[in-house]
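Letter by letter, the chains look like this.
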Amino acid sequence: MNLSEERNFGILIFISFIGCFLLGIAGGFVASVLNSLFAATIVWQLANMFYVVGCAMFSLKAASENRNISASGFILLSIGMTTFFSLQTTLTVDTESAYVSGGLILIPGLWLTAFYNKFPKWLRVMSVLASLPRIIMIINFYRHIPLERNGVLDGSGYIFPALTAVIWGWYAFNEQRIGRNKL
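Draft legend 1. Highlighting the confidence of the model for the protein. Taken as a whole, the protein shows an average pLDDT of 88; of its residues, 89% reach a score of 70 or greater. At the low end of the mean pLDDT range in the protein sits helix H4 (residues 96-113), at 86; at the high end sits helix H5 (residues 121-129), at 97.

Draft legend 2. Structural detail: the pattern of salt bridges. Summed over the entire model, instances satisfying the criterion amount to six salt bridges. With a closest N to O distance of 2.6 Å, Glu-65 and Lys-61 form a salt bridge. For Lys-61, a relative accessible area of 9% corresponds to the buried category. Note that Arg-134 is salt-bridged to Asp-154, the shortest N-O span being 3.3 Å. One end of the pair, Arg-134, is in helix H6 (residues 132-142); the other, Asp-154, is in helix H7 (residues 152-182), with 20 residues separating them in the sequence. Classification of Arg-134 by relative accessible area gives buried; the value is 3%. Here the salt bridges share partners, and the residues they tie into one network are Lys-61, Glu-65, Arg-67, Lys-118 and Glu-175.

Draft legend 3. Examining the nonpolar core more closely. Phe-17, Tyr-51, Phe-58, Leu-77 and Trp-168 are the most contacted members of the largest nonpolar core, which totals 32 residues. Residue assignment for this core shows that the elements contributing at least two residues are helix H1 (3-33), helix H2 (37-64), helix H3 (68-87), H4 and H7. Looking at which element gives the most residues to this core, the answer is H7, with eight residues. Not counting residues within four places of it along the chain, the set of residues in contact with Tyr-51 comprises Ser-16, Phe-17, Cys-20, Leu-77, Met-81, Leu-110, Pro-161, Ala-162, Ala-165 and Trp-168.

Draft legend 4. The packing of aromatic side chains, seen in detail. Applying the stated criterion to the full structure yields 13 aromatic pairs. For the pair Phe-14 and Phe-173, a centre-to-centre distance of 5.8 Å together with 10 degrees between the ring planes defines the contact as stacked. Residue Phe-14 is located in helix H1, and its partner Phe-173 is located in helix H7; the two are separated by 159 residues in the primary sequence. According to the relative accessible area criterion, Phe-173 is buried, its value standing at 17%. For the ring pair Trp-170 and Phe-173, a centre distance of 5.6 Å and an interplane angle of 55 degrees mean the geometry is tilted. Placement of both Trp-170 and Phe-173 in helix H7 is noted, with a separation of three residues, approximately one turn of the helix. Here the aromatic cluster, defined as three or more aromatic residues joined through ring pairs, consists of Phe-17, Tyr-51, Phe-58, Phe-74, Tyr-116, Phe-119, Trp-168 and Tyr-171. Against the face of Tyr-116 rests Arg-67, its NZ or CZ located 5.7 Å from the ring centre.

Draft legend 5. Region of interest: H4. In this model H4 runs 26 Å from its N-terminal to its C-terminal C-alpha over 18 residues, within 8% of the 26 Å that 1.5 Å per residue would give. All of the buried residues in H4 are Glu-96, Tyr-99, Val-100, Gly-102, Gly-103, Leu-106, Ile-107, Gly-109, Leu-110 and Thr-113.

Draft legend 6. A nonpolar patch on the surface, seen in detail. A contiguous nonpolar surface patch, about 600 Å² in accessible area, is contributed by Ile-25, Phe-29, Val-33, Leu-34, Ile-159 and Phe-160. Per element, the largest residue contribution to the nonpolar patch is three residues, and it comes from H1. Positionally, Leu-34 belongs in the loop between H1 and H2.

Definitions and cut-offs
- Residues numbered from 1 in each chain as written.
- Predicted model: local features only at pLDDT ≥ 70, side-chain atom pairs only at ≥ 80, totals over all residues.
- Heavy atoms only, no water.
- pLDDT = per-residue confidence, 0-100.
- Helix = DSSP H or I, 4+ residues; strand = E, 2+ residues; numbered from the N terminus.
- Salt bridge = Lys/Arg side-chain N within 4 Å of Asp/Glu carboxyl O.
- Buried < 20%, exposed > 50% of the residue type's maximum accessible area, 1.4 Å probe, protein only.
- Core = buried A, V, L, I, M, F, W, Y, C linked by side-chain atoms within 4.5 Å.
- Contact = heavy atoms within 4.5 Å.
- Phe/Tyr/Trp six-rings, centres within 6.5 Å; stacked < 30°, edge-to-face > 60°.
- Lys NZ or Arg CZ within 6 Å of the ring centre and 35° of its normal.
- Expected span 1.5 Å × (residues − 1).
- Patch = residues over 30% accessible without salt bridge, like charges linked within 9 Å, V, L, I, M, F, W, Y side chains within 5 Å.
- Areas by Shrake-Rupley, 256 points an atom, 1.4 Å probe, with all protein chains shown as cover.

Structure, rendered in structure tokens:
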């Protein structure tokens, strides 16, 4: 990485995850205030895009530090969130299994990020716990309990990983900021 990229890498990771979280919340407000799932979906797609970008960048950061297990977790999170990104406008009964498959990829992704030993233990545990709504959704799907799109469980499946990602981003930014002050 050249010096200008290196200076901005941590802040770009943090901005990506903040963007994901804020746009995710904004999508909920758009859905409520405008009563437009279409408008909310556009906002949520942007949120997913920021999550994918943040995870892709964090995977490069972890790999450059020879933390390959956690790097693969961030890659899986990018892949899983891309599934949600592509299905967000077409979620029907016919596509529910593909939607649930995105969750199947997120779960090991979140678990593998917990191997990133630069995070404090509480954040590593939080990474694993953030997978619980998706686990419940998958169990419900295979028990033939209908998927409630944009319901509490689905929303929690986005909010908890997004909040966790904001904290990951803070650690990436803070590490870079502290490292820059040492120069």
